[in-house]
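Secondary and tertiary structure notes
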Amino acid sequence: MISYDTTGVRLPMRVLRFRRLGQFALLAYPAGFALTCLGPSGSGPFIAGMALVLAGFAATIVLIGTGINQVASGTGAGLDEFELAARLQAHSDAYRWFGAFVSASLSAAMIAQLFGVTLDTGSDRFFAYFLWVIGYGALLPGWFLAQRLRADPDPAD
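Just so we're clear, the structure is a prediction, and the values are computed from it rather than from any experiment.

Looking now at the pattern of salt bridges. Counting across every chain of the model gives two salt bridges. Across the salt bridge formed by D93 and R96, the nearest N and O atoms sit 3.0 Å from each other. Placement of both D93 and R96 in helix α4 (residues 81-114) is noted, with a separation of three residues, approximately one turn of the helix. With its nearest N and O atoms 2.7 Å apart, the salt bridge here joins R148 to D93. Of this pair, R148 sits in helix α5 (residues 124-148) while D93 sits in helix α4, and the two are 55 residues apart along the sequence. Judged by its relative accessible area of 9%, D93 is buried. Connected through shared salt-bridge partners, D93, R96 and R148 make up one network.

Going through the model one piece at a time under the given rule, you end up with nine aromatic pairs. Here the aromatic rings of F101 and W132 are separated by 5.0 Å at their centres, their planes lie at 50°, and the arrangement is tilted. With a gap of 31 residues between them, F101 in helix α4 and W132 in helix α5 connect regions that are remote in the sequence. Here the aromatic rings of F101 and Y136 are separated by 5.0 Å at their centres, their planes lie at 50°, and the arrangement is tilted. One end of the pair, F101, is in helix α4; the other, Y136, is in helix α5, and 35 residues separate them in sequence. A residue is classified by how much of its surface remains accessible, and F101, at 13% relative accessible area, is buried. Overall, the relative accessible area of 12% leaves Y136 in the buried class. Through a chain of ring-to-ring contacts, three or more aromatic side chains come together here, namely Y29, F33, F98, F101, F126, Y129, W132 and Y136.

Rules used in this analysis
- Residues numbered from 1 in each chain as written.
- Predicted model: local features only at pLDDT ≥ 70, side-chain atom pairs only at ≥ 80, totals over all residues.
- Heavy atoms only, no water.
- Salt bridge = Lys/Arg side-chain N within 4 Å of Asp/Glu carboxyl O.
- Helix = DSSP H or I, 4+ residues; strand = E, 2+ residues; numbered from the N terminus.
- Buried < 20%, exposed > 50% of the residue type's maximum accessible area, 1.4 Å probe, protein only.
- Phe/Tyr/Trp six-rings, centres within 6.5 Å; stacked < 30°, edge-to-face > 60°.

Here you go:
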């Protein structure tokens, strides 16, 4: 399999931990954004939602520095043809899902605008949505690669 804790990698991480932290980040963004939409700025749900979005973004930042994500981004050297195929398939899946996410969110925004609901680009809700888009763009290639890797048992569990 892909060697994801080679020299030069800032943060080696086991596949199972990457999957768990990645799953948290993938779920924290939409849940946090939904919470920010429940109340006005400064309300309890809004603050909880922003905290959740920021926690998801912090998890994404941690995952960006891992060896799995570095291999997914193309910095892994010495990969054989099967490992390269897994990386290319992970990129293909990530672009497909990211494109569907962006298309769906833009469609939802256009439909919401018909009913008078807008998302002002200067608002905190737009900032939460912006972090969601950036986070998914950074996380999805490594996430799909981690799904293809064999997960060894984690000794810390």
